Amino acid sequence: MKTIIIYSTKYGCAGELAYLIQKELKGECKIVNVMKSSVPPLNDYDTVILGGSLYIGRIQKQLKKYVNEHLDTLLTKKVGLFLSAGDPKAAENEVVRKNVFPKALIEHAVAFDVLGYAYKFDKMGFLDRFIVKRVAGLSENVTEYYENRIKAFAEALTR
Ligand SMILES: Cc1cc2nc3c(=O)[nH]c(=O)nc-3n(C[C@H](O)[C@H](O)[C@H](O)COP(=O)(O)O)c2cc1C
């Protein structure tokens, strides 16, 4: 099995989740930050994992653009979708689902879940800090990776 994980992130958590997924997978697995590097052609890969982080119900536009431009090819691969998001149930939320990935891709995916979150106050700008304080009532760094979900996610992709 040859896998590629394509992710987008604002403060790094989605990238950390990509590396945790990679650790759980067997076989070769390349990781690409779609915001920084170009994604190689998908011909070489039979499994494609796509993940972004959620801000006001949306993921980064670079990942959305990549997915929209490669949807036909993605629908021929084994696909897993993940989110880095404060709401652990975000992947079940109908409005979020509509905004993040095309319906056809979500239906095609073997797994779609929130795998963890982080609030990195030391990296956040003023506005993000203000919003998180107001909405989540937090003011210190927090990181949580959902180990069981990451394992189940990787298992669904290797099955
Ligand atoms: C301004 C702001 C808006 C956010 N909006 C949402 C949201 O709509 N839903 C959600 O589940 N989490 C939301 N979050 C939490 C982020 O998704 C979470 O911090 C995520 O782990 C960040 O991942 P990243 O480090 O990969 O960017 C928000 C965080 C910030 C700072």
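Residues numbered from 1 in each chain as written. Predicted model: local features only at pLDDT ≥ 70, side-chain atom pairs only at ≥ 80, totals over all residues. Heavy atoms only, no water.

Any two side chains of opposite charge can pair, given that their charged atoms come close. Under the defined criterion, the tally for this structure stands at seven salt bridges. For K2, the salt bridge is made with D44, and the minimal N-O distance between the two is 3.9 Å. Taken together, the residues span a long stretch of sequence, with K2 in strand β1 (residues 2-7) and D44 in the loop between β2 (28-33) and β3 (47-53) at a distance of 42 residues. Exposure remark for K2: the relative accessible area of 24% places this residue in the partly exposed category. Residue D44 is classed as exposed on the basis of its relative accessible area, which comes to 51%. Among the charged side chains, a salt-bridge network with shared partners connects K2, E28 and D44. (Salt bridge = Lys/Arg side-chain N within 4 Å of Asp/Glu carboxyl O. Helix = DSSP H or I, 4+ residues; strand = E, 2+ residues; numbered from the N terminus. Buried < 20%, exposed > 50% of the residue type's maximum accessible area, 1.4 Å probe, protein only.)

Another point: the packing of aromatic side chains. In this structure the tally under the stated criterion is six aromatic pairs. Taking the centre distance of 5.8 Å and the plane angle of 80 degrees together, the rings of F101 and F112 count as edge-to-face. Separated by eleven residues along the polypeptide, F101 in the loop between α4 (94-100) and α5 (103-108) and F112 in strand β5 (residues 111-119) bring together distant segments of the chain. Exposure class is identical for F101 and F112. Each is buried. Judged by centre distance (5.6 Å) and plane angle (55 degrees), the rings of Y117 and Y119 are tilted. Y117 sits in the buried class, given a relative accessible area of 14%. Directly above the ring of Y45 sits K2, whose terminal nitrogen or CZ lies 5.4 Å from the centroid. Cation over ring: K10 sits above Y55, and NZ or CZ is 5.2 Å from the ring centre. (Phe/Tyr/Trp six-rings, centres within 6.5 Å; stacked < 30°, edge-to-face > 60°. Lys NZ or Arg CZ within 6 Å of the ring centre and 35° of its normal.)

Burial in helix α2 (residues 61-69) covers these residues: L63, Y66 and V67. Viewed along the axis of α2, the buried residues span an arc of 95 degrees, placing them on a single side of the element. Away from the buried face of α2 by more than 90 degrees, exposed residues K61, K65 and E69 are located. Against the buried residues of α2 lie β1, β3, α3 (71-74) and α5. (Arc of directions from axis to C-beta. Contact = heavy atoms within 4.5 Å.)

What follows is about the site of the ligand. Contacts to the ligand come from 21 residues, most closely from T9, L54, Y55, S84 and A118. A distance of 2.5 Å separates an oxygen atom of the ligand from a polar side-chain atom of T9. At a separation of 2.9 Å, an oxygen atom of the ligand approaches a polar backbone atom of K10. Here the ligand, which alone exposes 650 Å², has 90% of that area covered by the protein. Among the secondary structure elements, those contributing two or more residues to the shell around the ligand are α1 (13-24), β5 and α6 (126-136). The residue makeup of the shell around the ligand, split by class, is twelve nonpolar, six polar and three charged. (Near = heavy atom within 4 Å. Polar contact = N/O pair within 3.5 Å; in protein donor to acceptor, adjacent residues only side chain to side chain. Areas by Shrake-Rupley, 256 points an atom, 1.4 Å probe, with all protein chains shown as cover. Nonpolar A, V, L, I, M, F, W, Y, C, P; charged D, E, K, R; others polar.)

Attention now goes to the sheet that holds β2. With mixed pairing, six strands are arranged side by side in an open sheet as β2-β1-β3-β4-β5-β6. The open sheet has two edge strands, β2 and β6 (142-145), and neither has a second partner. Averaged over all neighbouring strand pairs, the angle between strand axes comes to 20 degrees, with direction disregarded. Across four bridges, the pairing between β5 and β6 is antiparallel. Each bridged residue has a counterpart across the sheet, and for Y119 the counterpart in β6 is V142. (Pairing = 2+ DSSP bridges. Axes fitted to C-alpha atoms, helices over the stretch in contact; angles between N-to-C directions.)

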